[in-house]
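Each chain is listed here by its residues.
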Amino acid sequence: MNLITRDYRPEDFEAVNYIWQQTGMGGAIRGDDQDVILRTIEMGGRLILLENTAKNEIIGTSWLTRDGRRIYLHHFGILPDYQGKGFAKILLDASLKFAKGTGLQIKLEVHEDNEIARNLYVKGGFKYLGDYNVYIIRNYDNL
């Protein structure tokens, strides 16, 4: 297997969306569409893909956005068939290299039950911030 990390291209959307659906990270309700991806890239973010070039298959994603203060790591995941093989470390290393190059802090959210991901992030240098509750408004229609 030959793995590379590379930047997102618009023709990758279908494969990326498939990974997000298979790993429970994406969907229309979250606003994860082509326009949003391209807008975040234009704002200095990056969507890094892990590709198995032997099969011409995208197997992982790491979406990094920035707000001028921090880099936010979103939608970091590997297709289920490729999980548990150490491939996430390759993707995380590429993500941290990008973040370090910006000079900004990097932040992420991970579900408390996702021990494998939490261990990966701790090994990558992330520190737990404490007992934060996360809130979001996805739809302003009811306000």
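Please read these numbers as outputs of a predicted model, since none were measured by experiment.

1. Some remarks on helix α4 (residues 115-123)
Every buried residue of α4 is listed here: Ala 117, Leu 120 and Tyr 121. Seen along its axis, α4 keeps its buried residues to an arc of 95°; they face one direction. With respect to the buried face of α4, the exposed residues turned more than 90 degrees away are Val 122 and Lys 123. Tucked inside the fold, the buried residues of α4 contact β4 (70-78), α3 (87-102) and β5 (105-108). One or two steps after α4, the chain reaches Gly 125, where phi turns positive at roughly 110°.

2. Focus on the pattern of salt bridges
Using the criterion set out here, one finds 5 salt bridges in the structure. The partner of Arg 6 in a salt bridge is Glu 51, with the nearest N and O atoms 2.5 Å apart. Remark: Glu 51 occurs in strand β2 (residues 46-52) and Arg 6 occurs in strand β1 (residues 3-7); sequence separation between them is 45 residues. Pair check on accessibility: Arg 6 and Glu 51 agree, each one buried. With a closest N to O distance of 2.9 Å, Asp 93 and Lys 89 form a salt bridge. With a gap of 4 residues between them, Asp 93 and Lys 89 both fall in helix α3, about one helical turn apart. A relative accessible area of 49% means that Lys 89 is categorised as partly exposed. Taken together, the shared-partner salt bridges connect Arg 6, Asp 12 and Glu 51 into one network.

3. Remarks on the packing of aromatic side chains
Counting across every chain of the model gives 4 aromatic pairs. Ring centres of Trp 20 and Trp 63 lie 5.2 Å apart, and the angle between their planes is 15°; on these two criteria the pair is classed as stacked. Of this pair, Trp 20 sits in helix α1 (residues 13-22) while Trp 63 sits in strand β3 (residues 57-66), and the two are 43 residues apart along the sequence. Across this residue pair, the class does not change: Trp 20 and Trp 63 are buried. A ring pair is formed by Phe 76 and Tyr 121, whose centres lie 5.9 Å apart and whose planes are at 70°; its orientation type is edge-to-face. Residue Phe 76 is located in strand β4, and its partner Tyr 121 is located in helix α4; the two are separated by 45 residues in the primary sequence. Taken individually, Phe 76 and Tyr 121 each receive the classification buried, so the pair is uniform in this respect. Through a chain of ring-to-ring contacts, the aromatic side chains of Phe 76, Tyr 121 and Phe 126 assemble into a single cluster.

Conventions used here
- Residues numbered from 1 in each chain as written.
- Predicted model: local features only at pLDDT ≥ 70, side-chain atom pairs only at ≥ 80, totals over all residues.
- Heavy atoms only, no water.
- Buried < 20%, exposed > 50% of the residue type's maximum accessible area, 1.4 Å probe, protein only.
- Helix = DSSP H or I, 4+ residues; strand = E, 2+ residues; numbered from the N terminus.
- Arc of directions from axis to C-beta.
- Contact = heavy atoms within 4.5 Å.
- Salt bridge = Lys/Arg side-chain N within 4 Å of Asp/Glu carboxyl O.
- Phe/Tyr/Trp six-rings, centres within 6.5 Å; stacked < 30°, edge-to-face > 60°.

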